Amino acid sequence: MLFQRQRYRFALLLFLILTRTVNAQSVKIESTSGFDFTNYKKYTWRTHPVFEKRPELAEKYSVGIDLIKNVANQILMPRGFESTQLDPDFYITFLLTGESRQDVDVVEIGGGYGWGGWYQWPSTYYSGWSTTVVSNYVEGVLVLDIVDAKSSQLVWRAYCRDDVKDWKNRDKNVKKTLEKALKRFPPKK
């Protein structure tokens, strides 16, 4: 009975850790309804107005900015989109932020009343133990915008959020997030 209880609590701890990891990445898409994206072939990268007004942020996130541009180009170009500086059909701009976060989970394992064994002694309480799981990560947010070059109107936006738990794999996180977002660009009618 004690062993089963400990296994149950350990499974619960494992479930909590895994669900936090699985649900970390999210992408939400908005687009202008009825807008015709069929003529979109060429694009140009634009600096987001926040980075223009606050160049220190652009410097702080320079590695992430380069990573996002490179990965997005790798996704868009094979699909027939062309990066150009002359006469684009649309502009791509984005805002990137990252915030250090920490989760602390305390899980109690064991503890309870036991029987006195073979001689049926009165019930006695035995103490269990608890463990503390600390997770440090960076909560990254990316807002990716597609702006029509002729009208300067925002026509498509992706809100992306992901938790980067292993800094060595941040490029994989960015790639998965951008693939998930750009898979839905242009929107299907």
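The sections below set out a description of the structure shown in this document.

## Notes on the pattern of salt bridges
Moving on, step 1. Under the counting rule described, the total for this entry stands at six salt bridges.
Moving on, step 2. Across the pair R54 and E56 runs a salt bridge whose closest N-O atoms are separated by 2.9 Å.
Moving on, step 3. The class of R54 is partly exposed, set by a relative accessible area of 41%.
Moving on, step 4. Salt bridges here are not isolated pairs; linked through shared partners, they connect R101, E139, R161 and D163.

## Concerning helix α5 (residues 170-182)
Moving on, step 1. Taking 1.5 Å per residue as the helical rise, α5 with its 13 residues ought to reach 18 Å, and the 18 Å between its terminal C-alpha atoms agrees with that figure.
Moving on, step 2. Where α5 is buried, its residues meet β1 (26-31), α4 (62-76), β7 (129-148) and β8 (154-164).

## As for the nonpolar core
Proteins that are soluble and globular tend to have nonpolar side chains buried together.
Moving on, step 1. By size, the foremost hydrophobic cluster in this structure holds 32 residues, and its most contacted members are W156, L178 and F185.
Moving on, step 2. Within the residue set of this core, elements represented by two or more residues are β2 (42-45), α4, β4 (90-109), β7, β8 and α5.
Moving on, step 3. Considering each element in turn, this core owes the most residues, seven residues, to α4.
Moving on, step 4. Setting aside anything within four residues of it in sequence, one finds L178 in contact with I68, V71, A72, I75, L142, L144 and K183.

## Comments concerning the sheet that holds β8
Moving on, step 1. Strands sit in the order β1-β8-β7-β4-β2-β3 across an open sheet of six strands; the sheet is mixed. Here the strands that pair on one side only, and so sit at the sheet edges, are β1 and β3 (82-83).
Moving on, step 2. Of the pairings in the sheet, the one linking β7 to β8 comprises 10 bridges and is antiparallel in character. Paired with L142 across the strands is C160, a residue of β8.
Moving on, step 3. Its contacts with the sheet put α4 on β2, β3, β4 and β7, and the angle it makes with β4 is roughly 110°.

## Side note on unusual backbone geometry
Note on backbone geometry: most residues besides glycine have negative phi, and most peptide bonds are trans.
Moving on, step 1. Following F185, the chain continues to P186 via a peptide bond in cis, the omega torsion being -10°.
Moving on, step 2. Positive phi outside glycine occurs at D87, with the angle close to 50°.
Moving on, step 3. Residue position: D87 is located in the loop between β3 and β4.
Moving on, step 4. You will see that S152, though not glycine, has its phi angle at about 60°, which is positive.
Moving on, step 5. Mapped onto the elements of the fold, S152 is located in the loop between β7 and β8.

Calculation rules
- Sequence order sets the numbering: in each chain, residues are counted from 1 along the sequence as written.
- Where local features are concerned, this predicted model is filtered to residues with pLDDT of at least 70; where side-chain atom pairs are given and counted, the filter is 80 or more; whole-chain, interface and lining totals use all residues.
- Note that water and hydrogens are dropped before the side-chain values are worked out from all heavy atoms of the structure.
- Between Lys or Arg on one side and Asp or Glu on the other, a salt bridge is scored when a side-chain nitrogen of the former is within 4 Å of a carboxyl oxygen of the latter.
- Note on exposure labels: buried denotes an accessible area under 20% of the residue type's maximum, exposed denotes more than 50%, and partly exposed covers the range between, all computed with a 1.4 Å probe on protein chains only.
- In DSSP terms, a helix is any run of H or I states spanning at least four residues, a strand is any run of E spanning at least two, and both are numbered starting from the N terminus.
- A helix is expected to reach a length of 1.5 Å times the quantity of its residues less one.
- Contact between two residues is taken to exist if any of their heavy atoms lie within 4.5 Å; hydrogens are not considered.
- To define a nonpolar core, start from buried Ala, Val, Leu, Ile, Met, Phe, Trp, Tyr and Cys residues and group those joined through side-chain atoms within 4.5 Å.
- What makes two strands pair is DSSP finding at least two bridges between them.
- For every element, the axis is a line fit to its C-alpha atoms; helices are fit only across the contacting stretch, and the angle between N-to-C directions ranges from 0 to 180 degrees.

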